[in-house]
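Topology and contacts: notes
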Amino acid sequence: MGSDSDSKATPQERVPRHVAVIMDGNGRWARRKGLPRHRGHAEGAESVRAVVRECARLGVQELTLYAFSTENWRRPKTEVHFLMELLRTFLAAEMPEIMENRIRLRAIGRLAELPARVRRDLERAIATSSVNGGMILRLALNYGGRQEILDAAKRIAEAAVRGEIAPQDVTEEALRGCLYDGQMRDPDLLIRTGGEMRISNFLLWEVSYAELWFTPICWPDFREAELRTAFNDYAGRERRFGGLGGEPLSAHGGRRNAGA
Ligand code: IPE
Ligand code: IPE
Ligand code: MG
């Protein structure tokens, strides 16, 4: 943390291929300004725009954003409603730019439990953008890491009951293939804004060898410059994956998943 080198561009081979972000601190940002919490969420949507655009420009292949956790239903109904409507507004407003930048929208989580209107808009946006070949923008919605592993285990158990898989065939790859997005590569860099140093049930399976970046900056203030600072810090790290190191970070770049 605290790299002052954000003015320099990160060499392309050291740009993380998959970036995952826990977008936290919207409420605190608003409170500090004497504003209601929802104003923090609205301003946070502006950060999403900025970060998506910058990641695409820098050559990131996948960007996964934690937008709503399975635990966030515990919030007041009015806040949950605001967040759901904000997502729909975001999708409607951003489609032209998503198409222009050839971004492929995807979603992970228990999507069937989202309100019908949200699911409908989301499915439409995913279908429309599926023709694109650029960066994957993956929204984690009603997402929980434990639930994802649990849902994968259930799918495997069901396949076993049908006689389609034997216990010895339940490999890491088999389980990975049953996660919400079987195509997703492990995140290289996990960013959390807002100052908390925790994972909060995000991508538990997938982050096993992710590089972590925590910043006290609240999400609404996290923009291009902050992203570049995180990328530059990442670029200077040595990833060892349990080995002895000495290999450049890019040596692992060709592999789909850490250690695989
Ligand atoms: C993140 O900001 C947005 C969501 C979790 C949806 P918060 O709303 O958690 O903001 P803080 O953590 O209360 O400041
Ligand atoms: C994590 O933030 C979830 C999202 C960013 C969507 P929270 O604000 O819900 O996390 P906790 O409750 O502080 O752990
Ligand atoms: Mg929070």
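Up top is the structure these notes are about.
Residues numbered from 1 in each chain as written. Chains lettered and ligands numbered in written order. Predicted model: local features only at pLDDT ≥ 70, side-chain atom pairs only at ≥ 80, totals over all residues. Heavy atoms only, no water.

1. A look at the site of ligand 1
With respect to spatial proximity, 13 residues lie near ligand 1, and among them Asp24, Gly27, Arg28, Arg37 and Arg75 are the closest. In this structure, Gly27 approaches ligand 1 through a main-chain N or O atom, which is 2.9 Å from an oxygen atom. A distance of 2.7 Å separates an oxygen atom of ligand 1 from a polar side-chain atom of Arg75. Computed on the free molecule, ligand 1 has an accessible area of 380 Å², of which 86% lies beneath the protein chains in the complex. Mapped by element, the contributors of at least two residues to the shell around ligand 1 are helix 1 (26-32), helix 2 (37-58) and helix 3 (77-100). Top element by residues in the shell around ligand 1 is helix 1. It accounts for 3 residues. A per-class count over the shell around ligand 1 returns 3 nonpolar, 5 polar and 5 charged. (Near = heavy atom within 4 Å. Polar contact = N/O pair within 3.5 Å; in protein donor to acceptor, adjacent residues only side chain to side chain. Areas by Shrake-Rupley, 256 points an atom, 1.4 Å probe, with all protein chains shown as cover. Helix = DSSP H or I, 4+ residues; strand = E, 2+ residues; numbered from the N terminus. Nonpolar A, V, L, I, M, F, W, Y, C, P; charged D, E, K, R; others polar.)

2. Notes on the pattern of salt bridges
Side-chain pairs of opposite charge can arise whenever the charged atoms involved come near each other. This structure, assessed with the given rule, holds 28 salt bridges. The salt bridge partner of Arg106 is Asp181, with a shortest N-O separation of 3.4 Å. Of the two residues, Arg106 sits in strand 3 (residues 104-108) while Asp181 sits in the loop between helix 6 (172-177) and strand 5 (189-192), which places them 75 residues apart along the sequence. For Arg106, a relative accessible area of 23% translates into the label partly exposed. With a closest N to O distance of 2.9 Å, Arg162 and Glu164 form a salt bridge. (Salt bridge = Lys/Arg side-chain N within 4 Å of Asp/Glu carboxyl O. Buried < 20%, exposed > 50% of the residue type's maximum accessible area, 1.4 Å probe, protein only.)

3. Digging into the side chain of His18
Within the secondary structure, His18 is located in strand 1 (residues 18-22). A relative accessible area of 0% places His18 in the buried class. Here His18 is in contact with Glu62, Leu63, Thr64, Arg138, Met184, Arg185, Asp186, Pro187, Asp188 and Leu189, once residues within four sequence places are set aside. (Contact = heavy atoms within 4.5 Å.)

4. Quick look at the side chain of Asp121
Mapped onto the elements of the fold, Asp121 is located in helix 4 (residues 116-129). For Asp121, the side chain forms a polar contact with the side chain of Arg120, separated by 3.3 Å.

5. Here we look at the packing of aromatic side chains
The final tally for this structure, using the stated rule, is 7 aromatic pairs. Considering the side-chain rings of Tyr66 and Phe202, the 4.2 Å spacing of their centres and the 10° angle between planes classify their relative orientation as stacked. In this pair, Tyr66 is assigned in strand 2 (residues 62-69) and Phe202 in the loop between strand 5 and strand 6 (211-214), connecting sequence segments 136 residues apart. Considering the side-chain rings of Tyr143 and Tyr180, the 6.0 Å spacing of their centres and the 75° angle between planes classify their relative orientation as edge-to-face. (Phe/Tyr/Trp six-rings, centres within 6.5 Å; stacked < 30°, edge-to-face > 60°.)

6. Quick look at the nonpolar core
Among the nonpolar cores identified, the biggest contains 41 residues, and Leu63, Leu65, Ile191 and Phe231 are the most heavily contacted of them. The element best represented in this core is helix 3, accounting for 8 residues. Residues within four places of Phe231 in sequence aside, it is in contact with Thr10, Val15, Pro16, Val19, Cys55, Leu58, Val60 and Leu189. Membership of the second largest hydrophobic core comes to 12 residues, among which are Ile108, Leu190, Val207 and Ala210. (Core = buried A, V, L, I, M, F, W, Y, C linked by side-chain atoms within 4.5 Å.)

7. As for the site of ligand 2
Neighbouring ligand 2 are Ile22, Met23, Asp24, Tyr66, Ala67, Phe68, Asn72, Arg75, Arg192, Arg198 and Ser200. Contact between ligand 2 and Asp24: an oxygen atom at 3.2 Å from a side-chain N or O atom of the residue. Within the contact set of ligand 2, an oxygen atom lies 2.8 Å away from a side-chain nitrogen or oxygen of Arg198. With the chains in place, 78% of the 390 Å² that ligand 2 exposes on its own is no longer accessible. In terms of residue count, strand 2 provides more of the shell around ligand 2 than any other element does, 3 residues in total.

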